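Here is how the chains run, residue by residue.
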Amino acid sequence: MATTGIKICLQLQFKFCILEILSLQQLLSLHISTMREMKATDPLHSPTEPSEGKEKLRLKQEVGLISSVSLIAGTMIGSGIFMSPEWVLHHMGNPASSLLIWAACGLLAMFGALSYAELGTIIKESGGEYIYILRIFGSFPAFIFAYTSVILVRPAGLAAVCLSFAEYSIAPFYPGCSSPQVAVKCTAAACILILAIINSLNVRLATSVMNIFTAAKLLALLVIVVGGLVLLAKGQTQNFQNGFQGTTAGIGAVGVAFYQGLWSYDGWNNLNYVTEELKKPEVTLPRALMIAIPLVTCLYLLVNVSYLAAMTPSELLSSGAVAVTWGDKVLGSWAWLISLSVALSTFGSSNGTFFSGGRVCYIAAREGHMPDILSMAHVRRLTPSPALLFTSLMSLIMIISGSFTSIVNFFSFMAWLFYGMTISGLLYLKIKKPELPRSYKVPIIIPIIVLMAAVYLVLAPIIDQPQIEILYIVLFIFSGIIFYFPLVHFKYHPRFLQRVTLHLQLLLEVAPTTRDAN
């Protein structure tokens, strides 16, 4: 009798649980349908918000001018300036031409950023290239970008920077020998998990971490700059004599040198990924770009001069870690400070890449190009935690295998392909829709120069030095067609995905968000 009573109670409890889940499913379906009704009807502006009496959930606008400059400079100054100089010199053949490449990369990054600033004042939504391609060219090109960027490009870039952080962090524990790969990969994985926690907890905490590490890495670069100026004052200028002798003339080699240099400048567009979280974006966006990028360019040039003042070109080319070799020659027993500085620099850059990269996934999901769960934000912390966790997962997968140099070339090819598409969209708006309101305008010659550079950077390595990896990249891009037509174009949504969304929403305590219509 008692057993029968227990069974009846358990059956009743089970039925109540089923009813509760069904009611939550209906609630979730209502959330998802409401979210999809909010998709843009005007291709360049956000739709009108639903009933004003309801409370809206959106990300906080907590990123000011200082944090914006820190986001740009902090992301740009990562592992590149400590690892890429030898590769730029390798492909160019001499110090003077390599310095010209570094200056040209800074100028190109500045032109690209100014072009993006105008786009950011026309389309005031987060998402960077994704949202601009979506509003200008439509759904299919935007999906291809999101598919490629969210699954492959962003996680690969983050994995490369975290591997650099791990390499420099554990190097002091293995003097005189290379660090074990297991230790390197475990440290890189720990770095990604820490960044996931920081960025999921609070936007202000993430920006504070960026500010602190940006100040630390700028101080480290100043030490290298001052050390180089002291060496030049002592007359160590022999490496700059006959500086253009042996310059490489091949278009492919110059393109690959640009890839390595531009990797160090990558991050110039990161502020456009978080436009909705900026305070007064129409003012903050262009101002932050005009402060951060010239600052970083000047520092990079001075740091490269310092490297060449301390080392001969052959020493620089044979160095596995340029900054560490510089520290050994200039700082002596204090050389460990350089390893610490590089670790701080790469961690700060990883944080900036993580902060902006998670927003791409979040915005793509909000527009219906990724699972709905990725477009939701934590109900109390107001951070896009599902998107951040997904980015973490993909980056952890990338860490399992990967070479720094191959990732850089692969990343740069993909990035400049979509940069060129985005800049062509700006030219279209300037020519066909000049009446659109914008608080900042860039001279049309600047986006034309950036577009020409993007075409060169995409085609030059293919024409001069074709590689099978490029074919794999193109095939991966077009594989997105398999997912686009059933899931996005024909809007086929399997019921099991809705159940998964329901349980993840309850587990992660997240809810759908609205756009910032300001």
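Reading guide: rules and limits
- Residue positions are given per chain, counted from 1 along the sequence in the order it is written.
- Local features in this predicted model are restricted to residues of pLDDT 70 or higher, and side-chain atom pairs are both shown and tallied only at a pLDDT of 80 or more, whereas totals for entire chains, interfaces and linings draw on every residue.
- The side-chain figures draw on all heavy atoms in the structure; neither hydrogens nor water molecules are used.
- UniProt positions are given in the numbering used here, feature names are shortened, and annotations may be inferred rather than shown by experiment.
- Stacked, tilted and edge-to-face pairs are distinguished by plane angle, under 30 degrees for stacked and over 60 for edge-to-face with tilted covering the rest, among Phe, Tyr and Trp rings (Trp via its six-membered ring) whose centres lie within 6.5 Å.
- The secondary structure listing takes helices from DSSP runs of H or I that are at least 4 residues long and strands from runs of E that are at least 2 residues long, numbered from the N terminus.
- Type-normalised accessible area, obtained with a 1.4 Å probe on protein chains alone, sets the label of each residue: buried when under 20%, exposed when over 50%, and partly exposed for intermediate values.
- In this scheme, patches are assembled from residues that exceed 30% relative accessible area and form no salt bridge. Like charges are connected within 9 Å, while nonpolar side chains (Val, Leu, Ile, Met, Phe, Trp, Tyr) are connected within 5 Å.
- Each accessible area is a Shrake-Rupley estimate made with a 1.4 Å probe; only the visible protein chains count as cover when residues are assessed.
- Salt bridges, as used here, are contacts in which a Lys or Arg side-chain nitrogen is within 4 Å of a carboxyl oxygen on Asp or Glu.
- Whenever a helix is involved, its axis is fitted only over the stretch in contact; in every case the axis is a line through C-alpha atoms, and angles between N-to-C directions fall within 0 to 180 degrees.
- Between 65 and 115 degrees an angle is taken as roughly perpendicular, under 35 as roughly parallel, over 145 as roughly antiparallel, and anywhere else as oblique.
- Polar here means any residue other than Ala, Val, Leu, Ile, Met, Phe, Trp, Tyr, Cys and Pro, which are nonpolar, and Asp, Glu, Lys and Arg, which are charged; Gly is therefore polar.
- Definition used in this section: a nonpolar core is a set of buried Ala, Val, Leu, Ile, Met, Phe, Trp, Tyr and Cys residues joined via side-chain atoms within 4.5 Å.
- Any two residues whose heavy atoms approach within 4.5 Å at even a single point are treated as in contact.
- When we speak of the arc, we mean the arc of directions from the helix axis to the C-beta atoms.

- The protein goes by b(0,+)-type amino acid transporter 1 in an unreviewed UniProt entry, where it is assigned to Chloebia gouldiae.
- Entered under Sequence similarities (unreviewed entry) in the UniProt record, the comment concerning the protein runs "Belongs to the amino acid-polyamine-organocation (APC) superfamily."
- Checking UniProt for the protein, the heading Subcellular location (unreviewed entry) contains the comment "Apical cell membrane".

### Some remarks on the packing of aromatic side chains
- With the rule as written, the count across this model stands at 18 aromatic pairs.
- Taken together, a centroid distance of 5.0 Å and an interplanar angle of 70° make the contact between Tyr116 and Trp268 edge-to-face. One end of the pair, Tyr116, is in helix H5 (residues 95-122); the other, Trp268, is in the loop between helix H10 (251-265) and helix H11 (281-310), and 152 residues separate them in sequence.
- Its relative accessible area of 3% is what places Trp268 among the buried residues.
- When the ring of Phe143 is compared with that of Tyr147, the centres are 6.0 Å apart and the planes differ by 15°; the resulting orientation is stacked. Remark: Tyr147 and Phe143 occur in helix H7 (residues 139-170); sequence separation between them is 4 residues, near one turn of the helix.

### Description of a nonpolar patch on the surface
- Together, Phe140, Val474, Phe478, Ile481, Phe485 and Phe490 make up a nonpolar patch on the protein surface, roughly 550 Å² of accessible area in all.
- Those elements that provide at least two residues to the nonpolar patch are helix H18 (468-478) and helix H19 (480-489).
- Summarising the element assignment, Val474 is placed in helix H18.
- Looking at Val474, the relative accessible area reads 32%, which means it is partly exposed.

### Re the packing of H5 against H11
- At a minimum axis distance of 10 Å, the contact between H5 and H11 shows a crossing angle of 175°. Classified by the interaxial angle, the pair formed by H5 and H11 is roughly antiparallel.
- Counted by class, the contact of H5 with H11 contains 20 nonpolar, 5 polar and 1 charged residues.

### Side note on the pattern of salt bridges
- One pass over the full model with this rule turns up 6 salt bridges.
- Across the pair Lys430 and Glu118 runs a salt bridge, and its minimum N-O distance is 3.1 Å. Here Lys430, found in helix H16 (residues 404-432), pairs with Glu118, found in helix H5; they are 312 residues apart in sequence, far enough to count as distant. In this structure, Lys430 and Glu118 share a single accessibility class: buried.
- Where Arg380 meets Glu509, a salt bridge forms, and the shortest distance between an N and an O atom there is 2.9 Å. Placement of Arg380 in the loop between strand E1 (376-378) and helix H15 (385-399) and of Glu509 in the loop between helix H20 (495-508) and strand E2 (510-512) is noted, with a sequence separation of 129 residues between them.

### Focus: the nonpolar core
- One finds Phe82, Tyr130, Trp268, Ile293, Tyr307 and Trp416 to be the most contacted residues of the largest nonpolar core, which totals 144 residues.
- Per-element tally for this core: the top contributor is H7, with 20 residues.
- Setting aside its immediate chain neighbours within four residues, Trp416 contacts Leu108, Leu262, Trp268, Val450, Ala454, Leu457 and Val458.

### Observations regarding H18
- What H18 keeps buried is the set Ile470, Ile473 and Ile477. The buried residues of H18 occupy one face: seen down the axis, they fall within an arc of 60°. Exposed side chains of H18 directed beyond 90 degrees from the buried face belong to Tyr472, Leu475 and Phe478.

### Focus on unusual backbone geometry
- With a phi angle near 55°, Lys491 is a residue other than glycine that sits in the positive phi range.
- Here Lys491 is to be found in the loop between H19 and H20.
- With relative accessibility at 60%, the residue Lys491 sits in the exposed group.
- Phi is positive for Glu509, close to 55°, though the residue is something other than glycine.
- On the basis of relative accessible area, Glu509 is assigned to the partly exposed category, the value being 35%.

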